[in-house]
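Summary of the model geometry
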Amino acid sequence: MENLKDELIFEELSSIFKYKSNNIQIQEIIERGFVWSKLKKRKLLFIGINPSFPINAIKESYSYHIENAIRDYPSHYKKSTELIDNTTYENDWSYIDLFQFRETNQNKIFDFLKNDPQFIVAQLRLTYKIIQYINPEIIVVCNSRASDFFGINKFESNKKWMCGWA
């Protein structure tokens with residue numbers, strides 16, 4: 001895991017996003033591209049669910065620095081940064097999303113699970129590698145839906161969760 005770099009993540013995501021769904025709406029989401037936060041090895045890791053696709057967004061794939069996201073979308077990260085204010089983790093944290101597809105409606109995840117679970121599993125496997133690479137002391141799951149994929153809220157017994165791969 002020590003050699004995981006942004007270039008390798010880009011290559012793996014490019015491969016994952018070559019996937020073709022038989023569901024037109026899912027395929028449209030896949031074709032929007034992918035987004036991930038640049039890797040930062042820190043002691044605390046915040047985990048969200050997936051990047052949004054706001055109105056007027058263009059279809060593209062890219063990575064971003066979390067510092068820029070905090071500046072550009074302060075309300076989105078406010079609770080997280082407030083949580084660690086005046087702690088030893090105040091300047092020693094990072095952020096990733098479980099999934100890299102771009103969609104604002106989180107309920108679409110259930111469409112992926114129903115129609116294209118292999119697309120979701122491929123992203124979870126990559127995310128698991130990223131978490132291993134970052135090797136945080138603490139993980140804070142910022143999204144209740146994201147916690148489902150850690151096996152916290154076992155919503156269906158036949159679904160795969162990230163904790164099962166440890």
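Below is a summary of the structure that appears in this document. It should be emphasised that the depicted structure is a prediction, and the values quoted were computed from it without experimental measurement. (Residues numbered from 1 in each chain as written. Predicted model: local features only at pLDDT ≥ 70, side-chain atom pairs only at ≥ 80, totals over all residues. Heavy atoms only, no water.)

With that settled, the discussion passes to the overall build of the chain. Counting secondary structure elements, the chain contains 7 helices and 5 strands. The order of helices and strands in the chain, counted from the N terminus, is α-α-β-β-β-α-α-β-α-α-β-α. With 166 residues in all, the chain has 45% of them scored as buried. Pairs at least 24 apart in sequence give 80% of the contacts found in the chain among residues at least 6 apart. Counting every atom, the chain has about 9,400 Å² of accessible surface; 48% of that belongs to carbon and sulfur. (Helix = DSSP H or I, 4+ residues; strand = E, 2+ residues; numbered from the N terminus. Buried < 20%, exposed > 50% of the residue type's maximum accessible area, 1.4 Å probe, protein only. Contact = heavy atoms within 4.5 Å. Areas by Shrake-Rupley, 256 points an atom, 1.4 Å probe, with all protein chains shown as cover.)

Once that is clear, we can look at the nonpolar core. L98, F99, F101 and F149 are the most contacted members of the largest nonpolar core, which has 33 residues in total. Those elements giving two or more residues to this core turn out to be α1 (6-16), α2 (24-30), β2 (44-48), α5 (108-115) and α6 (117-134). For this core, the leading source of residues is α6, giving 8 residues. If you look at the next biggest cluster of nonpolar residues, it comprises 11 residues, including F46, Y77, I84 and Y89. (Core = buried A, V, L, I, M, F, W, Y, C linked by side-chain atoms within 4.5 Å.)

Right, let's talk about the sheet that holds strand β5 (residues 138-141) for a bit. Spatially, β4-β2-β5 is the arrangement adopted by the 3 strands of the open sheet, whose pairing is parallel. Every interior strand has two partners, whereas the edge strands, β4 (93-97) and β5, have only one. On average, each strand axis in the sheet is tilted by 25 degrees relative to the strand beside it, whichever way the strands run. Examined bridge by bridge, β2 and β5 share 4 bridges and lie parallel to one another. Paired with F46 across the bridge in β5 is V140. (Pairing = 2+ DSSP bridges. Axes fitted to C-alpha atoms, helices over the stretch in contact; angles between N-to-C directions.)

A word on α6. For α6, which comprises 18 residues, the first-to-last C-alpha distance of 26 Å matches the rise-based estimate of 26 Å (1.5 Å per residue) to within 8%. Buried residues of α6: F119, I120, V121, Q123, L124, L126, T127, Y128, I130, I131, Y133 and I134, and no others. Packing partners of the buried residues in α6 comprise α1, α2, β2, β4, α5 and β5. Phi turns positive, to about 55 degrees, at N135, one or two residues after α6. (Expected span 1.5 Å × (residues − 1).)

Running from amino to carboxyl end, α1 crosses α6 at an angle of 170 degrees, the nearest separation of the two axes being 10 Å. By the criterion of interaxial angle, the relationship of α1 to α6 is roughly antiparallel. Residues I9, E12, L13 and I16 of α1 form the contact with α6, whose participating residues are F119, A122, Q123, L126, K129 and I130. A breakdown of the residues in the contact of α1 with α6 according to their chemical character gives 7 nonpolar, 1 polar and 2 charged. (Parallel < 35°, antiparallel > 145°, perpendicular 65-115°, else oblique. Nonpolar A, V, L, I, M, F, W, Y, C, P; charged D, E, K, R; others polar.)

This next bit is on the side chain of Q27. Mapped onto the elements of the fold, Q27 is located in helix α2. Of the residues examined, Q27 reaches a relative accessible area of 10% and is grouped as buried. Those residues within four positions of Q27 in sequence are excluded, and the remaining contacts are Y19, K20 and S21.

Below, the discussion takes up the pattern of salt bridges. According to the stated counting rule, one finds 5 salt bridges in the structure shown. K129 serves as the salt-bridge partner of E12, at 2.9 Å between the closest nitrogen and oxygen. Taken together, the residues E12 in helix α1 and K129 in helix α6 connect sequence positions 117 residues apart. Residue E12 is classed as partly exposed on the basis of its relative accessible area, which comes to 24%. Take K129: its relative accessible area is 26%, and that puts it in the partly exposed class. Here D72 makes a salt bridge to R71, at a shortest N to O gap of 3.1 Å. (Salt bridge = Lys/Arg side-chain N within 4 Å of Asp/Glu carboxyl O.)

Treat this as a map of the structure, not an account of what it does.
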